[in-house]
Structure formats: C-alpha cells, structure tokens
Amino acid sequence: MLPPLVPGLEEIVGKENVLWNAVDLTAYSYDATADQPRQTPDVVVFPTTAEAVQKIVHFAREQKTPLYPRGSGTNLSGGTIPLRKGIVISFQKMNKILEIDAENLTATVQPGVVIADLNAAVAPFGLIYPPDPGTVSTATMGGSAAENSGGLRGLKYGVTKHYVMGMEVVLANGSAVRFGGKTVKNVTAYDFSSLFVGSEGTLGMMTELTVKLIPAPKAHRTMTAVFKTLEDAGNTVAGIIKAKVIPATLEIMDQMTIRTVENFSKAGLPTDARALLLIEVDGMSEDLVAREAEAVAGVVNANHGELKTAATDAERNQLWAARRSALPALASLNNTVVLEDATVPRSRITDMLVACEAIGKKHGLTLGTFGHAGDGNLHPTILCDKNNADEMARMHRAVEEIFDAALGFGGTLSGEHGIGIAKMKFLGNELGQSGLELLRSVKEALDPDYLLNPGKMVPTKGNA
Amino acid sequence: MSTPESPTAYDELSQIRQETDRCMKCGNCMAVCPVYATEKVEAGVTRAKIAVAEAVLSGDLALDDPKVYRMLFDCLVCKSCAANCPTRVNFGRIMLALRAALVRKNGLPWLKKAIFSTLRHPRLFDVGMKAGAVFNGLAFRGVKAKAAIAPRSPFAWAGGTIGFDGERLFPELAVKPLRDRVPEVISVPDAKFKVAFFTGDSLNYFYPDAGADVIEVLTANGVEVHIPKGQSCCGIPVLVHGDVETARALARNNLDVFEKCGAEYIITGCGSCGGAWQHDFKEVLADDPVYGPKAAYWAERTYDISTFLTEVVHFRKPTGRVEASVTYHDSCHLKKSMGVFREPREILGSIPGITFKEMAKPDACCGSGGSYVLTHYETASSIGKRKVEDINRTGAEIVSTGCPACMMQLLDNVNRFGTGQQTRHYISLLAEAYRNEKAAS
Ligand SMILES: Cc1cc2nc3c(=O)[nH]c(=O)nc-3n(C[C@H](O)[C@H](O)[C@H](O)COP(=O)(O)OP(=O)(O)OC[C@H]3O[C@@H](n4cnc5c(N)ncnc54)[C@H](O)[C@@H]3O)c2cc1C
Ligand code: SF4
Ligand code: SF4
C-alpha cells in the first residue's frame, strides 16, 4: 500500500526520487553507530535543488511529520536514525562541486559531495581541503559540516568549522538563507556559519557550502616512536609542542591496541610497549620539515622512546598501516564496537589513558584506546557482545565513567563524533541546567515544532 | 568456519549470522561498491544488503519477497566490498548463502522467473531471451551425474548472438573450442614442472587463443601441461544463482579429474575460476568429509598463470618486442579473491617495447559480474562507462586484463565509449613477445 506521504513528495521531486518499499526503508534504519535502536522511516526522499528542499519542509510541516537529514550515514552518534519515523531527506543526489576558485582559495559545493571527491578535484590546483575524518572517502560535506568533523590532521590544520566560510541553509520554516562567502573576513551579523556547523541537522539543512582550501604541503616526514611507559609517551606529546613543532599528525595507541594490531596484521610492533606514537610533520619545504623532524627525534630520545623514520613512501605507508588498522583490528575482536571520543586538554592525555585502562579493567571489558594525542581527542573503544546483556550493561557503566573522567580532567563528552542520540542524556553533566536551557532556546527559536531531526542532541521538553 | 559437523551457510542460512554480526555499518563499502556508485541509493550498498539479511534472519522481511530478491540480485558479487572492509566481513558468503536459501525455498524455475522479472527494460528483451541460455546451467540440476560429466557451458548461449543489438559486441563463439584443439598432455623435454591447466568455459569457448597462449607460455618455460578433457565449468555461474548442488557436483568432478591427471599444480587464466579453486570449492564442500579435504589440498596448489610465472618458475624474460602502450584492468576476482595484481604488471613490465600506463582506479569493477551484465544492463553499462573513461585517459592502445569475463565486458564498453582500444589477456602479450623473438631470429 502506498504510504500517505508518497504522492505529495513525488509531486515535488518526481517518482524516481522517492523510496518507500520495505527493503529501501530498511537501508535507512541505521547509521554507523553501535548499540542504537533501528528504525525505518515512512519514506526517503532525494531532493536535487534547494527549492525542492524548501517544498519538502513545507510539506512536512503540513503533514506534521519529522524530517531526518542524511548524508552518507557514517556518523557515530545515531545522528541519522529516523527515531520517530517520518521522512529521511537524503542529500546524496545533491553531489555537485559547483565551483573551485583557485584565486580566492575556496570551493563551493552541494552538501552531498564526498570529501575525498572534493580533494581529488582540487588536487590539480595544488590545493587541499584539510578536514579528514576516517571516513573521507565516504562521508559528505554536508554531514561532516553538520557534525563538525575532525580527523587526523586536526592538530595543525583544525577541524571542519575552520574551513566553512559560508552556506545556504533551508530553515524549519521553509525559508532559504545565505550567509558568509568567499571573503576571508566577515563580521556581518552573527557568525551564522558557526551556529550551523556542528548543529547535527537540528537547526536547518545545508544546501550549499563554501569552504576554504589551502596550498598542499610539499614535504612530509613520518615517524613512529614506541615507549615503555605511558608517562614517557605523554611527556613526548607535550615536549614536541613545547619545542614549537606542530605536527600534522600526532596519534597515540595504547598497549591493548598495539597488541591487537600486531596480532591482526603482524606489522612487527613491540607488544611489550606501553604506547606508540605516530608523528607526521609537513610543510612547504624539505629543510623546514627536516628541521622539525630532527626536533621531534630529540624529544623522543629525551623521553626514552624508540624512533623509526620512514625513508620512502612505502615505509611511510607501513608506519601508517599500524594506525590505520587500529579500529579494524579492535573491531575484529567482537561483534559490537563502541567507539567513544571523549576529549581532554592535551596536558591530561596520560591521565586519561590511565583512567580508560582502569575503567576497562574494573568492568572486565576489552577496551583499547587510540586517537589524536596531539589534540587530546582519544577513542576509547570497547569491544563487546551484543547478545550478552550483562556485558552490555557493564559497557554502559564504563562509558558513563569514561565521560565522568573526561569531564573531571576539564575535557568534553565529544571531540568530533557529536551528541546525536548516543550522548544526549549526558549533556547536562557538561553544560549544566542553564546550558541545557540555552541549547533549547536556540533550538526552539529556529525550530519550535522540533521538525528537524527530533530526538537528537536537544533533549525535548519533558524527556530531558 | 564450518566444520564437517555443522552445516555450511549454503545449506543453513542461520550460519551467516557470524558474518552479518561482524558488520559494524561503518560504510567503508560505500567507497568501492560499483552498484552504489551508480545508483547512489543506500539499498545498493553492501551494508544495506547485510541489514536486509539481518531482517530476513529475524523474520522482519521474507526472503522470497520480490523486493528482497530483486535487491539480492542487484550485486555483482565482485568482492570489492570485502576487500575494503575493516572487519573483513565475507560478503560473498552472505550473498551466495542468501541466494542458495532462496533456491532451497522456492526452487530453480521460480528463481529463473524472478531473475527475468528484473529484466524490465524493453531493449533488454532480446538480451533476456538469449540470457535464457545462461541458466542452461540450472537446467541440468535434475541430472546431476550427467551434468558432472558433460556440463553445458553456461555461456554457450552467446553463440550466434553477435550483433543482436546494434551496439552490443560479443566475442565470437569459437568454431573449435580450445580443448578440442589441443591434446590432453603437452610434454616438453626435461620438464621442470607438471601442471594442469583449468581452462574454464570462457577461455575454452570464447577466448581459445588466449587459452592457447597460456599453454604456449608454459611450455616455452619448460613446463609440461595437462589439459584434462573431463574438466567441467568451475561452477561460479551456477553458484551465484544459488544452485549449490550443481556447483558441488561440478567441483567434485573437477577435483576427481585433476587429481587423476597427476599434475603438481593447477593453473588458471581467469580470476573467477582461480578463485573457485582457491576458495569456493572449499566453501561449498566444507561439510563433505571426502571432497572437503581434497578441495583444501588443491586450493593451496592453484595459481593464476601470472603468479606461477613470477613466483614458481621464474619465467624467462622475452627479448621479442611488442610495440604498444598498454594499461591493465584488475579483474575483481583476480585481485580481490586471488590477491593477484602485482604479477601481471611484472609480466607486462618485462616485455620490451611496451609502455605501461596505469589508469586511475585500476581495481574498480568493470561491471561484468558474470551474468549481472545481462540482468542489470543499465547499471552495468554505467559502471563500464566509468571504467572506459579511466582507460581513455591513459591514452593506451591496449587494455589488458586477466579474466575473460572482464575481457567481454571491456570489449563491449570500449566499443561504445572507448577510442578503439584492443582488449587482450595480458598473457597473450607475453606469448606474442615470445613469438616475435622467433620471428626476429
Ligand atoms: C570508521 C569511522 C571513522 C570515523 N572517523 C572520524 C574521524 O576521524 N573524525 C570525525 O570527526 N568523525 C569520524 N567519523 C564519524 C563520521 O564519519 C563523520 O561524522 C562524518 O563526517 C559524517 O558524514 P556523513 O555524510 O556520513 O553524515 P551523516 O552521518 O549522514 O549525517 C551526520 C549528521 O549530519 C546531519 N546532516 C547530514 N547532511 C546534512 C545537511 N545537508 N544539512 C544539515 N544536516 C545534515 C544528519 O542529520 C546527522 O545529524 C568516523 C566514522 C566511522 C564510521
Ligand atoms: S565495510 Fe564491512 S563492516 Fe563496514 S559497513 Fe561495509 S560490510 Fe559492514
Ligand atoms: S560484491 Fe560488489 S556489487 Fe556486491 S555489494 Fe559488494 S561491492 Fe557491491
């Protein structure tokens, strides 16, 4: 039977852009987040223009049915699950790069452009778009802007919010607004871009984005260092920054992760090491990079680390392989991968690693931690069996304790994965009552009826 | 892994739960799935198919719901997803087990109808009619014993179809198949190795010259070659349609025939055939106490011709020249099932006169997927078009590959979208270089 929403939507976007059969709906019932409920929407719609998005919003208002914006559905906080059914609005067919402006160092894209595709398109101009979540080859510009995604280069190059210069947004009342643009400076009115970046589809739908590009670094040097103690590794991270070197990448893996990776891929990692750092420095000239690499080597040595430097691209790939297989290796241990991203000030990295290890042990859980040491963004990862209720309960307690620990060290619930469904109930712990109220006032000013992505990020009145 | 005590996933669907459980819905498969790249809807991609499998296992969707089986057949079983999967979900096993369960539930004639119902495009009517013969393979299920001895080529239907749609190009069905042209044993003086050549149906019927080149290159390197006449189809074309019993019968026959011929190694010149010997025979015979171990034994001794040349016999570098610019397409099954991608490039690199030009995404699927191209011609063509655009950008005159199914798909798509490139098996270029030595001397 034709669901009642279908004809109206078909009128807006055409038959070929509306899906409603049970198989298609099943395909939109999940995202990459573990341990979340699955829910099928009533219908999935693919707009190809901003006008269509506006019409869909008006239609949804009339029908009083929620709208769930979706890019590639790779987020890790339940951000795209259509909790209350309704309409999933997929941006995957709005995937055109509208302009590359090499003179102003900007690109203007539709929201469904995949990050790696933008990078491939700007590469011939000697430019890059730096934000690089682990999902660059799948995630969309819209989705990553809505999550304010980070990545491996965040320490030196920043995260998505540092690159979004302007956008077009369709609001919950159906109007389309443009703000920001190609100018490096812009203080006209509020900084609306900052409001919508990281808003997780709860305030408006981005239908066009103008982003900053930068010249591609010409040289890089890649190193790994292994340490006998976590303190040495932590001191090395601090020491590198103190030596005034900002590596593009400064990643850490704890012992559990090292052992799992070694078991998984036999990369020759020392399984007695307590921590491993992957360090990559880059820049515009070979000797600049060589000098930075030397400084890094000095800090590693001073902290009793064992250093390896890649001499060739093949060796660079080998060093990276260990870090790249961290998640796959851990994930291979069990059927449920709970990937957290609690983040602490850089100076508390060692404390946080120790705390995560202790929490895992206390609850008898398999827990490995890796992540972006340079910016304090760790990924404590718990591997558990979804069919084991007791283990799942212990996992939930451990996650709560991880959040408490991060907040205790002056950190935050989420460094890059967002709040979504997964962390909503912990928001108060970080923001307090007044913070929650501010969150709600912003939401209700823009979307008083909770039309957009309800059940995510903003606890609805009465169910906080 | 199945043990002889537990049924295989091909007999008992619930066995795939250990695979589906491993999928964390990370979406990495989206980056490589050719169907998803074309259709841009989530239902095209691996993780969605796994979610649907989960819904079937939990009873939320019925396996024989037309929407479900249509989705199940909208997949090339190219294994690109598995190769890019962080948790190494064996998606091929999931997909083939689902199709096998479909056949168990509703039988084969029904399945055939279901497949044809996916041939909705009118232009495809003719293709569909011809494709009927693809499922000839299915027809011999009732006479298993006979099938095992004298199977019909599942591709034999294409004979006489040349030009059946003004644009579509097919290789001509050989007047005389390879195995009728050559004796069963080709000896060489002081043979270094004794190998058996599993020709597969495509090299036998469509590209017998490429098959003959495999033999020529082997003998030129001092290898005695057996080409057992009793060999049958590798079974992949029926396995992908869920006909596990026929696939098993074919596998058993092949194991018997090759065991008898007394060779040390099995050589293939086709990614799907080689993959079948290395993986699928073991998979489908896992619970067979007699043939399971045999399949495992030969899996270890099966080599693609390129691997055998570069790693076992250390082939003689040709001195004859082949003046051409050449690019290489990685067949999905050759690279993602057999792990072969370096070796053919090494061989091409050894040929004087060849300028090698790597294309962008050389391991992106070409859209063939065996019979997928017949049932989903539009999607297969978009996939093929993207491939040919990458080939065009290299400026190469010859596109080489290591799998006859890819050669057919490339032939057709190069004809439509290309700039007149030739489609060759890489081994034919080495054979040509050897022949050119003789001509020069
Ligand atoms: C293996 C793995 C590794 C990852 N690594 C990282 C990492 O290193 N760093 C990191 O930050 N993240 C990481 N992530 C998380 C994820 O990849 C990012 O959040 C990603 O950028 C989301 O993009 P998407 O297109 O999939 O968005 P989706 O998941 O589809 O959507 C994300 C959110 O954006 C909203 N949305 C989508 N499109 C729009 C739009 N046009 N307008 C408004 N709202 C919209 C959705 O409603 C949802 O709330 C990882 C995920 C996985 C599975
Ligand atoms: S890449 Fe593998 S684990 Fe990830 S969604 Fe695809 S099949 Fe599942
Ligand atoms: S086997 Fe190929 S077509 Fe099928 S889901 Fe995997 S990548 Fe896609």
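Conventions we followed
- Residues numbered from 1 in each chain as written.
- Chains lettered and ligands numbered in written order.
- Predicted model: local features only at pLDDT ≥ 70, side-chain atom pairs only at ≥ 80, totals over all residues.
- Heavy atoms only, no water.
- Helix = DSSP H or I, 4+ residues; strand = E, 2+ residues; numbered from the N terminus.
- Rg over C-alpha atoms; globule rule 2.2 N^0.38 Å.
- Buried < 20%, exposed > 50% of the residue type's maximum accessible area, 1.4 Å probe, protein only.
- Contact = heavy atoms within 4.5 Å.
- Near = heavy atom within 4 Å.
- Nonpolar A, V, L, I, M, F, W, Y, C, P; charged D, E, K, R; others polar.
- Salt bridge = Lys/Arg side-chain N within 4 Å of Asp/Glu carboxyl O.
- Pairing = 2+ DSSP bridges.
- Axes fitted to C-alpha atoms, helices over the stretch in contact; angles between N-to-C directions.
- Buried area = accessible area lost by both parts, 1.4 Å probe.
- Polar contact = N/O pair within 3.5 Å; in protein donor to acceptor, adjacent residues only side chain to side chain.
- Patch = residues over 30% accessible without salt bridge, like charges linked within 9 Å, V, L, I, M, F, W, Y side chains within 5 Å.
- Areas by Shrake-Rupley, 256 points an atom, 1.4 Å probe, with all protein chains shown as cover.
- Domains from an automatic or database assignment.
- Parallel < 35°, antiparallel > 145°, perpendicular 65-115°, else oblique.
- Left-handed = near helix turned anticlockwise from the far one by under 90°.

Participant: I tried to follow the overall build of chain A on my own but got confused; where do I start?
Facilitator: When helices and strands are counted, chain A shows 15 helices and 18 strands. For 464 residues, the compact-globule estimate of 2.2 N^0.38 gives 23 Å, and chain A sits close to it at 23 Å. For chain A, the C-alpha atoms occupy an extent of roughly 65 × 60 × 40 Å along the three principal directions. Per-residue burial over chain A gives 58% buried out of 464 residues. For chain A, contacts bridging at least 24 residues in sequence account for 71% of all contacts bridging at least 6.

Participant: Sorry if this is basic, but what is going on with the site of ligand 3 here?
Facilitator: Residue and element names in this part refer to chain B. The environment of ligand 3 is made up of Cys-33, Pro-34, Val-35, Thr-46, Cys-75, Leu-76, Val-77, Cys-78, Lys-79, Ser-80, Cys-81 and Phe-91. Elements represented by at least two residues in the shell around ligand 3 include exactly α2 (34–39) and α5 (80–83). Across the shell around ligand 3, the residue classes break down as nine nonpolar, two polar and one charged.

Participant: Help me understand the pattern of salt bridges in this model?
Facilitator: A side chain with one charge can pair with a side chain of the opposite charge if their charged atoms come near. In this structure the tally under the stated criterion is 48 salt bridges over all chains. Between Lys-423 of chain A and Asp-341 of chain A there is a salt bridge whose closest N-O contact spans 3.0 Å. Taken together, the residues Lys-423 of chain A in the loop between α14 (389–408) and α15 (427–446) and Asp-341 of chain A in the loop between β16 (336–339) and α13 (349–362) connect sequence positions 82 residues apart. For Lys-423 of chain A, a relative accessible area of 2% translates into the label buried. By relative accessible area, which is 0% here, Asp-341 of chain A ends up buried. Lys-105 of chain B is the partner of Asp-64 of chain B in a salt bridge, and the nearest nitrogen-oxygen pair spans 3.5 Å. In this pair, Asp-64 of chain B is assigned in the loop between α3 (46–57) and α4 (66–72) and Lys-105 of chain B in helix α6 (residues 91–106), connecting sequence segments 41 residues apart. Since its relative accessible area comes to 25%, Asp-64 of chain B is described here as partly exposed. Residues joined in a network through salt bridges with shared partners are Glu-19, Arg-22, Arg-93 and Glu-283 of chain B.

Participant: Is there a simple way to think about the pairing of strand β5 (residues 97–101) of chain A in this case?
Facilitator: In regular strands, side chains alternate between the two faces of the sheet. Residue and element names in this part refer to chain A. As judged from the four bridges shared by β5 and strand β6 (residues 106–109), these two strands associate in the antiparallel manner. Counted as the bridge partner of Ile-100 is Ala-107 from β6. Between β5 and β6, which pair antiparallel one after the other, the connecting turn spans four residues, and Leu-105 there sits at a positive phi close to 55 degrees.

Participant: Would you mind going over the sheet that holds strand β8 (residues 164–171) of chain A with me for this structure?
Facilitator: What holds strands together in a sheet is hydrogen bonding between their backbones, with the strands either parallel or antiparallel. All names here are of chain A. Taken together, the five strands give an open sheet; going across it, the order is β5-β6-β10-β8-β9, and neighbouring strands pair in antiparallel fashion. Lying at the two open borders of the sheet, with one neighbouring strand each, are β5 and β9 (176–180). Geometrically, the sheet is characterised by an average inter-axis angle of 15 degrees between neighbouring strands, direction not taken into account. Contacting β8, β9 and β10 (204–212), helix α3 (residues 50–63) runs over the sheet at an angle of about 40 degrees to β8.

Participant: Which parts of the structure should I look at to understand the interface of chain B and chain A?
Facilitator: By convention, interface size is frequently given as the accessible area that disappears when the constituent parts associate. The interface of chain B with chain A comprises 27 residues on the first partner and 32 residues on the second. Interface area, chain B with chain A, both sides summed: about 2,300 Å², of which 61% is carbon and sulfur. Inspection of the region where chain B meets chain A yields three salt bridges. In this structure, the salt-bridge partner of Arg-38 of chain A is Glu-54 of chain B, at a minimum N-O distance of 2.8 Å. Viewed at the interface, chain A and chain B are joined by nine residue pairs in polar contact (both at pLDDT 80 or more). At six residues, the largest contribution of residues to the side of chain B that touches chain A is made by α3 of chain B. Taken together, the residues that form the side of chain B that touches chain A break down as 15 nonpolar, three polar and nine charged.

Participant: Quick question: what am I supposed to make of a nonpolar patch on the surface here?
Facilitator: A cluster of nonpolar side chains, Leu-195, Leu-438 and Val-442 of chain A, forms an exposed patch at the surface whose accessible area comes to about 230 Å². Position of Leu-195 of chain A among the secondary structure elements: in helix α7 (residues 192–196).

Participant: When you look at the domain arrangement of chain A in this model, what are you seeing that I'm missing?
Facilitator: One can read the domain layout of chain A as domain 1 (6–90), domain 2 (97–215) and domain 3 (219–408). A straight line from the C-alpha centre of domain 1 of chain A to that of domain 3 of chain A covers 37 Å.

Participant: For this particular structure, what's the right way to read the packing of α3 of chain B against α6 of chain B?
Facilitator: Between two packed helices, both the angle of their axes relative to each other and the distance between the axes serve to describe the pair. All names here are of chain B. It is the contact of α3 with α6, at a shortest axis distance of 11 Å, that shows an interaxial angle of 45 degrees. Of the possible angle classes, the one that applies to α3 and α6 is oblique. In terms of crossing hand, the pair formed by α3 and α6 is left-handed. Between α3 and α6, the contacting residues are Thr-46, Lys-49, Ile-50 and Ala-53 on the first element and Phe-91, Ile-94, Met-95 and Leu-98 on the second. A breakdown of the residues in the contact of α3 with α6 according to their chemical character gives six nonpolar, one polar and one charged.

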